[in-house]
Amino acid sequence: MTRPILAVLAGCLLTASVSAAEVGAILADKSKLTFVSKQMGVPVDGEFRKFTVNMNFDPAKPDAGRAQIDIDMASVDAGAAETNEEVTSKNWFNVKQFPKATFVSSSVKALGGNRFEVAGKLTIRDKTRDVVAPFTMTPQGPNTLFEGVFTLRRGDFGIGQGVWADFDTVANEVQIRFRLLTAAKKG
Amino acid sequence: MDTSPPTRYTDTAIALHWLVALGILGAFSLGLYMQDLPLSPAKLKLYSYHKWAGVTIFLLVLVRLFWRATHPAPPLPSSMPVWQRRLATSMHHLLYALLVCIPLSGWLMSSAKGFQTVWFGVLPLPDLLTKDKALGDALADVHQFLNLSMATLVTVHVTAAIRHHLHSGEAILARMLPFLRNKARP
Ligand code: HEM
């Protein structure tokens, strides 16, 4: 008899600790937007160093959650100087013409526990596609960490054209990881 | 049990010698060629082939060293002056050392540059170093230096073998090239 009571208690505590962590401003220097591409079957890490996040999230009302992420495409670090030069050029991100990529959420739903799922529209270059990303929300002291991973197909966005268009050297699938740390909400 | 020194290399030793020789000739030329290519899918492919070939050579060299340790080489002919025999032996040891260090430096360099080596696209080798650009660049210099040293030593090695064959009349080259053997010993 004590077990279910404990479980309920633990459940209440959990909900309490989660909803207590209503999110405030993003801590940019502790947040990361990284990706893993595959070159000749070898995973290669990359990162966007500059991006801004506007989000509003209350785990008690996930449906009301909103997020917009703007990414400065020229801030990419794809692993080596030569690669950065290539990946910002015309065949890839074409940062001269398309300096920014944008994600705008359209809905968030709870998956149970501290897991959620955000759906939205991702625009890179001149292509907009629907993406869905599961994420977790974990308190970290006074702050809250949002962490998620999803996979996009670079071909859907016209990333890697010309000689790079086929996927035998650079795979179509690119894994995107986000790790956003938000401060406690003030007031 | 026969304890007298062998008079010839085993067929396995000869096969390994030429396999490794062919391998380094290929990996060396590819290494020189691929570097200056502009970034392209072809370049990424060639880098991978170079790394796969280098790892394969490394494994062959390990087999070769094991074979060499368990199957002594025939002694050099006593018609050769002692200093020449000593020099030849040191030369061979140096070549073995380079054959081990060159692929190792390549592997370490790749790790330090943040590009893991996945042998034939299937078997990931552990990254022995974490990503560190300065270290990666330094190791690239080491890899290059060791390669240039090897190219120099191989040139001397080949020249010496041919000279012995043509001028000194010693059947040194024929020990590694069995098809010359019959002519050398009618
Ligand atoms: C016997 C084996 C090998 C030989 C003979 C060899 C030879 C060479 C040569 C001649 C170069 C050009 C050096 C220069 O002029 O700067 C080179 C470059 C290179 N090698 Fe090797 N290599 C071997 C094994 C390996 C291995 C095992 C790896 C990695 C797993 C590797 C990775 C590289 C890389 C990444 C470069 C390009 C360096 C750069 O772009 O700066 N090599 N190699």
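Residues numbered from 1 in each chain as written. Chains lettered and ligands numbered in written order. Predicted model: local features only at pLDDT ≥ 70, side-chain atom pairs only at ≥ 80, totals over all residues. Heavy atoms only, no water.

(A) Spotlight on the coordination of the iron atom of the ligand. Residue and element names in this part refer to chain B. Surrounding the iron atom of the ligand are the protein donor atoms His 50 (NE2) and His 143 (NE2), which sit 2.0 Å from the metal. Each of the six donor atoms around the iron atom of the ligand contributes to a set of angles spanning 86 to 178°, which defines the coordination as octahedral. Placement of the pair is His 50 in helix α2 (residues 41–70) and His 143 in helix α4 (residues 133–168), with a sequence separation of 93 residues. Assessed through its relative accessible area of 15%, His 50 is described here as buried. (Donors = N, O, S within 2.8 Å, 3.2 Å for Na, K, Ca; no water. Tetrahedral: all angles 85-135°; square planar, octahedral: opposite > 155°, others 65-115°. Helix = DSSP H or I, 4+ residues; strand = E, 2+ residues; numbered from the N terminus. Buried < 20%, exposed > 50% of the residue type's maximum accessible area, 1.4 Å probe, protein only.)

(B) Region of interest: the interface of chain B and chain A. If you look at the interface, chain B gives 16 residues, while chain A gives 16 residues. For the chain B and chain A pair, buried surface summed over both sides reaches about 1,300 Å², with 68% attributable to carbon and sulfur atoms. Put simply, chain B and chain A have two salt bridges between them. When the shortest N-O distance is used, the salt bridge between A:Glu82 and B:Lys43 registers 2.9 Å. Summed over the shared surface of chain B and chain A, the result is three residue pairs in polar contact (both at pLDDT 80 or more). It is α2(B) that provides the largest number of residues to the side of chain B that touches chain A, a total of seven residues. (Contact = heavy atoms within 4.5 Å. Buried area = accessible area lost by both parts, 1.4 Å probe. Salt bridge = Lys/Arg side-chain N within 4 Å of Asp/Glu carboxyl O. Polar contact = N/O pair within 3.5 Å; in protein donor to acceptor, adjacent residues only side chain to side chain.)

(C) Highlighting the site of the ligand. Residue and element names in this part refer to chain B. What surrounds the ligand is a group of 25 residues, the closest being Tyr 47, His 50, His 143, Gln 144 and Asn 147. Here His 143 contributes a side-chain N or O atom positioned 2.8 Å from a nitrogen atom of the ligand. Contributing elements (two or more residues each) for the shell around the ligand: α1 (11–35), α2, α3 (82–113) and α4. Broken down by class, the residue content of the shell around the ligand amounts to 13 nonpolar, ten polar and two charged. (Near = heavy atom within 4 Å. Nonpolar A, V, L, I, M, F, W, Y, C, P; charged D, E, K, R; others polar.)

(D) Expanded view of the packing of α2(B) against α3(B). Residue and element names in this part refer to chain B. The geometry of α2 relative to α3 is characterised by a closest axis approach of 9 Å and an angle of 145° between their N-to-C directions. Seen along the crossing, α2 lies across α3 with a hand that is left-handed. Seen from α2, the contacting residues are Lys 51, Gly 54, Phe 58, Val 61, Arg 64, Leu 65 and Arg 68; seen from α3, they are Tyr 96, Leu 99, Val 100, Pro 103, Leu 104 and Ser 110. A class-by-class count of the residues in the contact of α2 with α3 yields eight nonpolar, two polar and three charged. (Axes fitted to C-alpha atoms, helices over the stretch in contact; angles between N-to-C directions. Left-handed = near helix turned anticlockwise from the far one by under 90°.)

(E) Examining the packing of α3(B) against α4(B) more closely. Residues and elements named next belong to chain B. Their axes nearest at 8 Å, the elements α3 and α4 cross at an angle of 155°. By the angle between their axes, α3 is roughly antiparallel relative to α4. Along this stretch, α3 crosses α4, giving a crossing that reads as left-handed. Of the residues contributing to the contact of α3 with α4, the split by class is 19 nonpolar, ten polar and three charged. (Parallel < 35°, antiparallel > 145°, perpendicular 65-115°, else oblique.)

(F) Inspection of the side chain of A:Ser105 at higher detail. All names here are of chain A. On the secondary structure map, Ser 105 appears in strand β7 (residues 100–112). Ser 105 sits in the buried class, given a relative accessible area of 9%. In this structure the side chain of Ser 105 is engaged in a polar contact, spanning 2.9 Å, whose partner is the backbone nitrogen of Ala 67. Ser 105 has contacts with Gly 65, Arg 66, Ala 67, Val 118, Ala 119 and Gly 120, leaving out every residue within four places of it along the chain.

(G) How the structure looks around the packing of aromatic side chains. Residue and element names in this part refer to chain A. Tallied over the entire structure, the rule returns eleven aromatic pairs over all chains. When the ring of Phe 57 is compared with that of Phe 135, the centres are 5.8 Å apart and the planes differ by 70°; the resulting orientation is edge-to-face. With Phe 57 in the loop between β4 (51–56) and β5 (66–72) and Phe 135 in strand β9 (residues 127–140), this pair connects stretches of sequence that are 78 residues apart. Residue classification places Phe 57 among the buried positions, given a relative accessible area of 5%. (Phe/Tyr/Trp six-rings, centres within 6.5 Å; stacked < 30°, edge-to-face > 60°.)

(H) Here's a closer look at the confidence of the model for chain A. All names here are of chain A. Taken over all residues, the pLDDT of chain A has a mean of 88, while the share at 70 or more is 87%. By mean pLDDT, the top-scoring element of chain A is strand β8 (residues 115–124) (97), and the lowest-scoring one is helix α1 (residues 2–20) (46). In the model, residues 8–21 has pLDDT below 50 throughout and makes five contacts with residues more than four positions away in sequence or in other chains. (pLDDT = per-residue confidence, 0-100.)

(I) Looking closely at unusual backbone geometry. Within the chain, A:Arg125 stands out as a residue other than glycine whose phi angle is a positive 55°. The residue A:Arg125 is located in the loop between β8 and β9 in this model. Overall, A:Arg125 belongs to the buried group, its relative accessible area being 12%. In the Ramachandran plot, B:Phe120 falls in the positive-phi region, its phi being about 55° despite a non-glycine side chain. Mapped onto the secondary structure, B:Phe120 falls in the loop between β1 (118–119) and β2 (123–124).

(J) A look at the pairing of β7(A). Residues and elements named next belong to chain A. Sheet topology places β5 next to β7; five bridges connect them, and they run antiparallel. Paired with Gln 68 across the two strands is Val 104, which belongs to β7. Where β7 and β8 come together, nine bridges link them in antiparallel fashion. Residue pairing for β8: Ser 105 is matched across the bridge by Gly 120. The hairpin formed by β7 and β8 contains two residues between the paired strands, and Gly 113 there has a positive phi angle of roughly 65°. (Pairing = 2+ DSSP bridges.)

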